Amino acid sequence: MSIGAHDQLDRALVKKYQSMKVDNAIVENSMIDPNKMMATINDYANAHMEAFRIQQALRDICSKAISMNIQYTKMKAPKTKKERIAEAARKVVEAQMAKKNELNRKLAKEPRPSIA
């Protein structure tokens, strides 16, 4: 046997089809020329590669433009607790002084009653 059957059924099938001659099927001519198909696939791949190159060039241009416009600013050092308390106290004193000055202006505008 030429195939090497494993069981009774396989042996029977091998015996039956061993003497038959099997020809390869004739492949009909395709509607599309294989050379034309390869050229089309090549064009498609080239278009994708060109789009990829354009994307890379745009990415490089954008990153250069962004990096040229970056302005670095120096950050202020964080304040200590003592500095924050002093600043809050100064604001409170300023508010109280503003109130006092406003009251003094109002009193200065009003005529004072004379004691007679």
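The text that follows walks through the structure, step by step, so that each part is easy to find. (Residues numbered from 1 in each chain as written. Predicted model: local features only at pLDDT ≥ 70, side-chain atom pairs only at ≥ 80, totals over all residues. Heavy atoms only, no water.)

1. Remarks on the overall build of the chain
Of the regular secondary structure elements, the chain holds three helices and zero strands. When its helices and strands are written in sequence order, the chain yields α-α-α. With 116 residues in all, the chain has 3% of them scored as buried. About 12300 Å² of surface is accessible on the chain, with carbon and sulfur atoms providing 61% of the total. (Helix = DSSP H or I, 4+ residues; strand = E, 2+ residues; numbered from the N terminus. Buried < 20%, exposed > 50% of the residue type's maximum accessible area, 1.4 Å probe, protein only. Areas by Shrake-Rupley, 256 points an atom, 1.4 Å probe, with all protein chains shown as cover.)

2. Notes on the pattern of salt bridges
Using the criterion set out here, one finds three salt bridges in the structure. In this structure, E50 engages R53 in a salt bridge whose closest nitrogen and oxygen atoms are separated by 3.2 Å. Taken together, the residues E50 and R53, both in helix α2 (residues 34–68) and three residues apart, mark about one turn of the helix. Using a relative accessible area of 41% as the deciding quantity, one classes E50 as partly exposed. Measuring nitrogen to oxygen at the nearest pair gives 2.5 Å for the salt bridge that ties K79 to E87. Judged by relative accessible area, K79 falls into the partly exposed class, the value being 47%. Overlapping salt bridges bring together K79, E87 and K91 as one network. (Salt bridge = Lys/Arg side-chain N within 4 Å of Asp/Glu carboxyl O.)

3. Some remarks on a nonpolar patch on the surface
Where nonpolar side chains cluster on the molecular surface, the patch consists of M31, I32, M37, M38 and I41 and spans about 590 Å² of accessible area. Here M38 lies in helix α2. Among the residues examined, M38 registers a relative accessible area of 56% and is labelled exposed. (Patch = residues over 30% accessible without salt bridge, like charges linked within 9 Å, V, L, I, M, F, W, Y side chains within 5 Å.)

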